[in-house]
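# A look at the structure
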Amino acid sequence: NSGKAALEKVIGYLKQGYSTTVACDGPAGPPHQLKTGVLFMSRDALVPVVPLRFSCKKYFRLGAWDKKFVPLLFSEISIHIGEPIQITEMNFEVSSVSITKCLNG
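A few points on the structure. Keep in mind that what you see is a predicted model, and the values were worked out from it rather than measured.

This next bit is on the packing of aromatic side chains. Summed over all chains, the structure comprises 3 aromatic pairs. On the numbers, 5.4 Å between centres and 85° between planes, the contact of Tyr13 with Tyr18 is edge-to-face. Residue classification places Tyr13 among the partly exposed positions, given a relative accessible area of 40%. Between the aromatic rings of Tyr59 and Phe69, the centroid separation amounts to 5.6 Å while the plane-to-plane angle is 55°, which identifies the pairing as tilted. Of this pair, Tyr59 sits in strand β2 (residues 59-61) while Phe69 is found in strand β3 (residues 69-71), placing the two residues 10 residues apart along the sequence. By relative accessible area, which is 37% here, Tyr59 ends up partly exposed.

Okay, the nonpolar core next. By size, the foremost hydrophobic cluster in this structure holds 9 residues: Cys24, Leu34, Val38, Leu39, Val49, Ile85, Ile87, Phe92 and Ile99. Of all the secondary structure elements, the ones that give two or more residues to this core are α2 (37-45) and α3 (92-104). Setting aside its immediate chain neighbours within four residues, Leu34 contacts Cys24, Leu39, Ser96, Ile99 and Thr100. Ranked by size, the runner-up nonpolar core spans 5 residues in total, among them Leu7, Ile11, Leu14 and Ala45.

Quick look at the environment of Asn91 now. Within the secondary structure layout, Asn91 lies in the loop between β4 (77-81) and α3. Sequence spacing of Asn91 and Pro30 is 61 residues, and the spatial spacing of their C-alpha atoms is 24 Å.

Moving on, we get to α3. Spanning 13 residues, α3 covers 18 Å between terminal C-alpha atoms, matching the ideal 18 Å at 1.5 Å per step. Taken residue by residue, α3 has Phe92, Ser95, Ser96 and Ile99 as its buried positions. Projection of α3 onto a plane perpendicular to its axis shows the buried side chains occupying an angular sector of 105°, all on one side. Turned more than 90 degrees from where α3 packs its buried face, Glu93, Val94 and Lys101 sit exposed.

Moving on, we get to the side chain of Ser42. Within the element layout of this structure, Ser42 appears in helix α2. For Ser42, the contacting residues outside a window of four places in its chain are Val47, Pro48, Val49, Ile85, Gln86 and Ile87.

With that settled, consider the environment of Thr36. With respect to the helices and strands, Thr36 occurs in the loop between α1 (3-15) and α2. Between the C-alpha atom of Thr36 and that of Ser96, which follows or precedes it by 60 residues, the distance is 7.9 Å.

At a closest axis distance of 11 Å, the pairing of α2 and α3 adopts a crossing angle of 125°. Classified by the interaxial angle, the pair formed by α2 and α3 is oblique. Helix-helix and strand crossings are classified by hand; for α2 and α3 the assignment is right-handed. For the pair α2 and α3, contact is made by Leu39, Phe40 and Arg43 and by Phe92, Ser96 and Ile99, respectively. Per-class residue counts for the contact of α2 with α3 are 4 nonpolar, 1 polar and 1 charged.

Conventions and cut-offs
- Residues numbered from 1 in each chain as written.
- Predicted model: local features only at pLDDT ≥ 70, side-chain atom pairs only at ≥ 80, totals over all residues.
- Heavy atoms only, no water.
- Phe/Tyr/Trp six-rings, centres within 6.5 Å; stacked < 30°, edge-to-face > 60°.
- Buried < 20%, exposed > 50% of the residue type's maximum accessible area, 1.4 Å probe, protein only.
- Helix = DSSP H or I, 4+ residues; strand = E, 2+ residues; numbered from the N terminus.
- Core = buried A, V, L, I, M, F, W, Y, C linked by side-chain atoms within 4.5 Å.
- Contact = heavy atoms within 4.5 Å.
- Expected span 1.5 Å × (residues − 1).
- Arc of directions from axis to C-beta.
- Axes fitted to C-alpha atoms, helices over the stretch in contact; angles between N-to-C directions.
- Parallel < 35°, antiparallel > 145°, perpendicular 65-115°, else oblique.
- Left-handed = near helix turned anticlockwise from the far one by under 90°.
- Nonpolar A, V, L, I, M, F, W, Y, C, P; charged D, E, K, R; others polar.

Put into C-alpha cells, the structure is as follows:
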C-alpha cells in the first residue's frame, strides 16, 4: 500500500551497492505489462536493468491472474539473460519497449 515509499527505500539500497530482483509486471497485473517502477529504480539509482526470463519444458500453471508456472520434477529450466540497459530520461520510453520484448520472449 506504500509503493512510493518502498520504491524510495529500494533506490537507497541500490545506491549503496545492493542488488534486487523485481517482478516488473507488478503484484496485481496485468501480466506481461511492464510497470514503470523498475525504470525509475534504474534511472534514479544509476544502475542498469538486466532482464531475466525463465522457461521450462514441463510445468503446470497456477490459476492466479498471472498464470505462474511451477516446474515439474526433473524438468529442464532455462534462464534467458538480456543485455543490461541503463535507464535515463532520454531513453525511458524506448527502454520500456526493449525490456518488455526481452521479458516476453
